Structure formats: C-alpha cells, structure tokens
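Breakdown of the fold
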Amino acid sequence: MSILAAVSRRNDRLLHLKSLNFTGSVAAPLDGLEYDRGRGWANYPLGAAWALEKNGIAVCGADIVFQGDIPPGSGLSSSAAIEVLMMKLLLAVSGRTIEKKEIPILCRQAENEFIGVKSGIMDQFIITFGRENHALFLNCANLEYRLIPFRNADEAVVIVGDTNVKRELAKSAYNQRVAECAEGVRLLKELTGKRDITTLGSVDKEEFDACRGKLPGPVGRRCGHVISENRRVLDAVDALERGHLPELGRLLRESHASLRDLYEVSCGELDCMVEAFLRSPAVYGARMTGAGFGGSAIALVKADSGEEVIERARRTYKEKTGIDGSFHVCRIADGAGKLTTQIA
Ligand code: ADP
Ligand code: MG
C-alpha cells in the first residue's frame, strides 16, 4: 500500500497540490504557511513544507499530484506517508539534501506542531527507513535503530482488517494518553528518587511494580501498558530473529489485551475484528494498530491461508457489528523512494 506522486519544479514559491483521492486542488505560497482548515487534506503535505522552511531549509515551489491506496484515517498512517513523500519531493526538486534521520524528525514536527497531533515518530521512521521483508527495531528515545530480517516472509503475511469505523475522539484521546504518560514519568521520578528517569522506557518493571499503588488509576494503567509493551518489543525482536512465528503471535495477542485493558484505546469493533481473526487456526496472533478507537487491526497469518482467514473474519465481523470490514493482504515493502527519474 502506498501513495504515489508526480512532481515538477516551479520557478516561484508556490505549491500547487492535487490529490486524485480528494476533490479540488490547493495553491499555497511557501511564505507564511500555516494550518488552514479550508485547505483540508492538503494541510498534511503543506506541514512537511512548513517544517523544512521553519528549519532553515529553503525549497522551491512545485506542482504535485498524489494518488494513493492507503485508506486515510484507518490507522495505517497515510498521514505519515504523505508527509515523508512530500518532504522527499521538495528536497529533490530543490536540489537539497539533509541527513536521512532528519526526514522523520521534521515530519513528526509537522504532525505535532502544524497539524497539532502529538504523534510519535515510528510511522515517519519506518516510511523513511523501511526495507523489503525487514522489521525495524527503533529506540524512540535516541533514534537508534536496527533492521531485523523477517525470515518467515515465505511462510507468513500480514493481513490488515479495517473496521471502517472512524472516531473524532481518536485525536483528543491520543493527546490525553501522551499527557498521562508524561505525568507518569514525572511521578515515577519523584517516587523512586531517580533523576535519570526521563521516559517510561527508562523505568524497569520491578521499579514500576513497587510504585504502582501510589499512582492515580489511569496513570498507573497507561504506564503499565507502555512498560510491558517495551518488554514485548524486545521479546518480539528475539522471536523475529529466531523466526518463531507462534511466539510473535502470542506477543501480538498480549499486546492487544494491554492496549484494550490498560491503555484503553481499543473499541468494540476493534476487539471484534481481533477476535474474528483469532477464530482461524492459521492466525498466529492479532492486535489493533494505529491510534485506536476505530481504524484497523493486523493479523499474522500463514501465507497460504490468507483468503480463507479473510472470508471467515469478514463474515464474523459483519455478523457481530453489522458493518462491512475491508481487508488487505500485505507484505513488507521498501520505504519511500524514487520510482523513475524523469517523464518527458
Ligand atoms: P491516518 O491514520 O491514515 O494517518 P490521519 O487522519 O492521521 O489518518 O491522516 C489522514 C490524512 O492524510 C487525510 O485526511 C489527508 O489529509 C492525508 N492523506 C492521506 N492520504 C492521502 C492521499 N492519497 N491524498 C491526499 N491526502 C492524503
Ligand atoms: Mg496519521
């Protein structure tokens, strides 16, 4: 799944953007860019232009047309895809280069400050650095990363099940979770007396268990999720390296339970989608993905059983919710890059 774009350079400082997935087109000057509701979808690519300019990387104007098959707002990060794409396009037509790690950093800044969603950096990072048939192990605290070969690429596929439910709540609840985790860091620092606690990733499980009773209920649950999820990520790296699909599946199932019960970002439809997947014996595991409250779940599935699993999940999900889900069989592809150098 991807977004494609064609771009040509302009000799002025105007951005002229069109998306074949949306109606109308948007013209915006590079000078004085700010979020503008009236510009709708175009705020995401414009945010990427804004972030470059704000960081002193002057670019030139461009005519750009986009077309994608990542369903927007389904928890599959179409926003990060269009941000990274836009940034790479502008750098290319302007003949400028920046350090590759700056791309996800600046795209995140666009999402945080221009759009106003306090998202993390994972999505922009994998879209920049992803490699075919590899997972990416990222430490968000220092941006060190490692590509882990997915040794089971012939045996397993990822199936995305889109609940086709979208909730506005997702954005405000997302920001609220970020605030609750920050409060957790502050309190844990105070309670343990350890000043080197700067992120939940720097708290170990024993330390947390000793303090948990003193944290307000929701803060304790949010921190409990993040701290246990970090552990599951390390275990997942190990399972990937050993090519152990059942273990990876177990971690996905536990991760979903934690997102549902501790982080409280799932919803009835997402739980139903995960359960619908888990009814098939060919499914190793499943969990929700993205910000939650709707959007998509993913399942790790035996490669030759994809269609069968989808049919069963489709039926079960429809029976329980009355909604038609959408399903996609996915393989792990390369991150954003140039497809062809020049047309005519
Ligand atoms: P997601 O979970 O897909 O990231 P967001 O709400 O964060 O959902 O971002 C979706 C937004 O990204 C869309 O509203 C639109 O502004 C932009 N977008 C995504 N795909 C496209 C596309 N193909 N063309 C134009 N804009 C797109
Ligand atoms: Mg998004």
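Residues numbered from 1 in each chain as written. Chains lettered and ligands numbered in written order. Predicted model: local features only at pLDDT ≥ 70, side-chain atom pairs only at ≥ 80, totals over all residues. Heavy atoms only, no water.

1. A look at the pattern of salt bridges
Under the definition given, this model contains 24 salt bridges. The partner of R222 in a salt bridge is E180, and the shortest N-O contact between them spans 2.7 Å. Of this pair, R222 sits in helix α7 (residues 217–242) while E180 sits in helix α5 (residues 169–192), and the two are 42 residues apart along the sequence. For the pair R222 and E180, a shared accessibility class is recorded, and that class is buried. Between E207 and K194 there is a salt bridge whose closest N-O contact spans 2.3 Å. (Salt bridge = Lys/Arg side-chain N within 4 Å of Asp/Glu carboxyl O. Helix = DSSP H or I, 4+ residues; strand = E, 2+ residues; numbered from the N terminus. Buried < 20%, exposed > 50% of the residue type's maximum accessible area, 1.4 Å probe, protein only.)

2. Digging into the domain arrangement of the protein chain
In many analyses, interface size is given as the accessible surface area lost on bringing the parts together. For the protein chain, the assigned domains read domain 1 (3–129) and domain 2 (144–330). With centres defined by C-alpha atoms, the gap from domain 1 to domain 2 works out at 28 Å. Domain 1 puts 15 residues into the contact, and the matching count from domain 2 is 15 residues. With both sides pooled, the region where domain 1 packs onto domain 2 buries about 1100 Å², and carbon together with sulfur makes up 59% of that total. Applying the counting rule to domain 1 against domain 2 returns zero salt bridges. At the boundary of domain 1 and domain 2, one finds four residue pairs in polar contact (both at pLDDT 80 or more). (Domains from an automatic or database assignment. Contact = heavy atoms within 4.5 Å. Buried area = accessible area lost by both parts, 1.4 Å probe. Polar contact = N/O pair within 3.5 Å; in protein donor to acceptor, adjacent residues only side chain to side chain.)

3. With respect to unusual backbone geometry
One non-glycine residue, S77, lies in positive phi territory at about 65°. On the secondary structure map, S77 appears in the loop between β4 (62–68) and α2 (78–93). Even without glycine at this site, E264 takes up a positive phi of about 55°. On the secondary structure map, E264 appears in the loop between α8 (245–261) and α9 (268–278).

4. As for the sheet that holds strand β10 (residues 326–330)
Taken in spatial order, the four strands of this open sheet run β8-β9-β7-β10, and their pairing is antiparallel. The open sheet has two edge strands with one neighbour each: β8 (283–288) and β10. Neighbour-to-neighbour, the strand axes of the sheet open up by a mean angle of 20°, direction not taken into account. When β8 meets strand β9 (residues 296–302), the two strands line up antiparallel, connected through five bridges. Residue pairing across strands places G285 opposite L300, the latter belonging to β9. Strand contacts of α8: β7 (156–162), β8 and β9, with the helix running at about 25° to β8, the strand carrying the most contacts. Together, β7, β8, β9 and β10 form the strand contacts of helix α10 (residues 306–321), whose direction differs from that of β10 by roughly 160°. (Pairing = 2+ DSSP bridges. Axes fitted to C-alpha atoms, helices over the stretch in contact; angles between N-to-C directions.)

5. Focus on the state of the cysteines
Within the structure shown, the criterion is met by zero disulfides. Left unpaired, C140 is separated from the closest cysteine sulfur, that of C181, by 12 Å. Overall, the relative accessible area of 42% leaves C140 in the partly exposed class. Between C223, a free cysteine, and C181, which holds the nearest cysteine sulfur, the sulfur-to-sulfur gap is 5.6 Å. (Disulfide = S-S within 2.5 Å.)

6. Things to note about the nonpolar core
Of all hydrophobic cores here, the largest spans 42 residues; its most connected members are L15, L17, L46, F66, M86 and M87. Those elements giving two or more residues to this core turn out to be β2 (14–19), β3 (25–29), α1 (43–54), β4, α2 and α3 (102–115). Among the nonpolar cores identified, the runner-up in size contains 41 residues, and I227, M273, V283 and I310 belong to it. (Core = buried A, V, L, I, M, F, W, Y, C linked by side-chain atoms within 4.5 Å.)

7. Structural notes on the site of ligand 1
With respect to spatial proximity, 18 residues lie near ligand 1, and among them S19, N21, G73, S78 and S79 are the closest. In this structure, G75 approaches ligand 1 through a main-chain N or O atom, which is 3.2 Å from an oxygen atom. The element best represented in the shell around ligand 1 is α2, accounting for three residues. A class-by-class count of the residues in the shell around ligand 1 yields eight nonpolar, nine polar and one charged. (Near = heavy atom within 4 Å. Nonpolar A, V, L, I, M, F, W, Y, C, P; charged D, E, K, R; others polar.)

8. Brief notes about the packing of α9 against α10
Relative orientation of the contacting elements α9 and α10 amounts to 140°, with a least axis distance of 8 Å. When the axes of α9 and α10 are compared, the crossing they make is right-handed. The residues of α10 that touch α9, namely those facing E269, C272, M273, A276 and F277, are V309, A313, T316, Y317, K320 and T321. Here the residues of the contact of α9 with α10 sort into seven nonpolar, two polar and two charged. (Left-handed = near helix turned anticlockwise from the far one by under 90°.)

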